[in-house]
Amino acid sequence: MQAAQRLSNVATHLARSVMTDSALSHGPKELQNKGLVLLLAQTPNGNKPVYLLEELKALGKIPDYTFVPVSFGKNEQKSDWFEAVNPNGRIPALLDNREGKKPIKVWESASILLYLAKTYDTDATFHFKDEDLQTELLNWIFFIQGGVGPMQGQANHFFRYAPEKIEYGIKRYQDETRRLYQIYEDHLNGTKDGEKKEWLVGGKYTIADMCTQPWVRMAMWAGVELEKFPALAAWVERIEKRPATQAALKVPEQDMLSKIKDDPEYADQLAKKSSDWIMKGNQAKK
Ligand SMILES: N[C@@H](CCC(=O)N[C@@H](CS)C(=O)NCC(=O)O)C(=O)O
């Protein structure tokens, strides 16, 4: 009986992976490229893994990587081929088509950073071998994933995309984003521990910074004033100036903050375009 059950589990598992692989074969052909294949759009969560990939590439720790742009306008993030990599239907997602091993699928931006760090940054340039420091790094990673990401994301929604202006929603999420920014500001200033810092953890640039800066640099999009947080604003600039960051911000296309600086009308066009696909997506869910 147990053997029959085991056989049936193996058969189900095989059938599922065949289905997944067949869904993948309906996607862009680049999904089959050897090595690292990142599926993304130009957004803060999309930026995070590219920050690390570009740093690793600059140091020769990875040869290169493939990126597959995902079109929100065409709702590609909800296509079968995309959801075969990330069942949550949201970017970013990573396929590592490894030599001599089954491809691995990694999703959730922080999980991608941790996977890339563990696998390709083996001497821990951007994370820590020291377990206490690595735990501290995880504090900041979980904090952004559960804090600024979702709160600032909602502030963006109510401030830029919602079809009606709901002041309560705008204020609630902007205020919560400001509250979270103040925690970074105090941490960098050493307000509580008396220790001024250039980076979030352990005195060096790590994946905790890479996981956080792409959101904070976009404060204006949520209607939050970054200039009210000078230590945080200086930290954003420190990261922004890195050659790897500049390269990353061009993947899969030039980032919107640079485009807005060049063409202020672009902000309205982008808000309208984004609002259209978000509303279309909401209708599709009903
Ligand atoms: N917690 C996820 C969030 C991913 C996420 O929300 N991605 C957004 C872009 S920043 C997305 O794909 N939105 C498309 C949609 O909602 O359909 C992560 O960190 O990867």
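What counts and how
Residues numbered from 1 in each chain as written. Predicted model: local features only at pLDDT ≥ 70, side-chain atom pairs only at ≥ 80, totals over all residues. Heavy atoms only, no water. UniProt positions renumbered as here; feature names shortened; annotations may be inferred. Helix = DSSP H or I, 4+ residues; strand = E, 2+ residues; numbered from the N terminus. Buried < 20%, exposed > 50% of the residue type's maximum accessible area, 1.4 Å probe, protein only. Patch = residues over 30% accessible without salt bridge, like charges linked within 9 Å, V, L, I, M, F, W, Y side chains within 5 Å. Areas by Shrake-Rupley, 256 points an atom, 1.4 Å probe, with all protein chains shown as cover. Salt bridge = Lys/Arg side-chain N within 4 Å of Asp/Glu carboxyl O. Lys, Arg positive; Asp, Glu negative; His and termini not counted. Charge placed at Lys NZ, Arg CZ, Asp CG, Glu CD. Core = buried A, V, L, I, M, F, W, Y, C linked by side-chain atoms within 4.5 Å. Domains from an automatic or database assignment. Contact = heavy atoms within 4.5 Å. Near = heavy atom within 4 Å. Polar contact = N/O pair within 3.5 Å; in protein donor to acceptor, adjacent residues only side chain to side chain. Pairing = 2+ DSSP bridges. Axes fitted to C-alpha atoms, helices over the stretch in contact; angles between N-to-C directions. Left-handed = near helix turned anticlockwise from the far one by under 90°. Nonpolar A, V, L, I, M, F, W, Y, C, P; charged D, E, K, R; others polar.

Entered under Sequence similarities (unreviewed entry) in the UniProt record, the comment concerning the protein runs "Belongs to the GST superfamily."

J.: Please clarify how unusual backbone geometry should be interpreted in this entry.
T.: Glycine aside, residues mostly have negative phi angles, and peptide bonds mostly take the trans form. I91 connects to P92 through a cis peptide bond whose omega is 0°. Along the chain, the position of P92 falls in the loop between α3 (80–83) and β3 (93–97). Of note, the amide linkage connecting V251 to P252 takes the cis form, showing an omega dihedral of 0°. Secondary-structure assignment places P252 in the loop between α10 (243–248) and α11 (256–262). Phi is positive for E108, which is not a glycine, with a value near 80°. Secondary-structure assignment places E108 in the loop between β4 (104–107) and α4 (109–120). Since its relative accessible area comes to 39%, E108 is described here as partly exposed. The phi dihedral of A124 falls on the positive side, at around 60°, and the residue is not glycine. A relative accessible area of 6% means that A124 is categorised as buried.

J.: Before we go on, may I ask you to explain a negative patch on the surface in this structure?
T.: On the surface, a cluster of negative charge is made up of D130, E131, D132, E136 and E195. Here D132 lies in helix α5 (residues 131–146). Residue class for D132 comes out exposed when judged on its relative accessible area of 62%.

J.: Can you walk me through the nonpolar core in this structure?
T.: Side chains of nonpolar character tend, in soluble globular proteins, to be buried together. Counting residues in hydrophobic clusters, the biggest one holds 57 residues, and the most contacted among them are L52, Y181, I207, L232 and W235. Counting contributing residues per domain, this core is built from domain 1 (2–120) and domain 2 (131–285), each supplying no fewer than three. Not counting residues up to four positions away in its chain, the partners in contact with L52 are L113, L116, A117, F126, I207 and M210. In this structure, L31, V70, W81 and I91 belong to the second largest nonpolar core, which totals 16 residues.

J.: What's the story with the site of the ligand in this structure? I'm lost.
T.: Around the ligand, 13 residues are found, and the nearest of them are Q77, K78, I91, E108 and S109. At 2.8 Å, a side-chain N or O of Q77 approaches an oxygen atom of the ligand. For the ligand, an oxygen atom lies 2.6 Å from a polar atom in the side chain of S109. Within the complex, the protein chains bury 82% of what would otherwise be the 520 Å² of accessible surface of the ligand.

J.: I would appreciate a short explanation of the pairing of β3 in the present structure.
T.: The side chains of a regular strand alternate, residue by residue, between the two faces of the sheet. Where burial is concerned, most of β3 is hidden: 5 out of the 5 residues are buried. Of the two faces of β3, the one holding A93, L95 and N97 and the one holding L94 and D96 are both buried throughout. Pairing of strand β1 (residues 35–40) with β3, which is carried by 5 bridges, proceeds in the antiparallel orientation. Paired with L38 across the strands is L94, a residue of β3. Bridging between β3 and β4 involves 4 bridges; their strand directions are antiparallel. Bridge pairing in β4 places L95 opposite K105. In textbook terms, the turn of a hairpin is the stretch between consecutive antiparallel strands, and for β3 and β4 this stretch comprises 6 residues, one of which, G100, has a positive phi near 70°.

J.: Just checking my understanding: could you explain the packing of helix α6 (residues 148–161) against helix α7 (residues 167–189) for this structure?
T.: Each pair of packed helices can be summarised by the angle the axes make with each other and by the distance between the axes. In the contact formed by α6 and α7, the axes pass within 8 Å of each other and the chain directions differ by 145°. For the pair α6 and α7, the crossing hand works out as left-handed. Residue-level inspection shows V148, M151, Q152, Q154, A155, F158 and F159 of α6 in contact with α7, the latter providing G169, I170, Y173, Q174, E176, T177, L180, Y181 and Y184. Classifying every residue of the contact of α6 with α7 gives 10 nonpolar, 5 polar and 1 charged.

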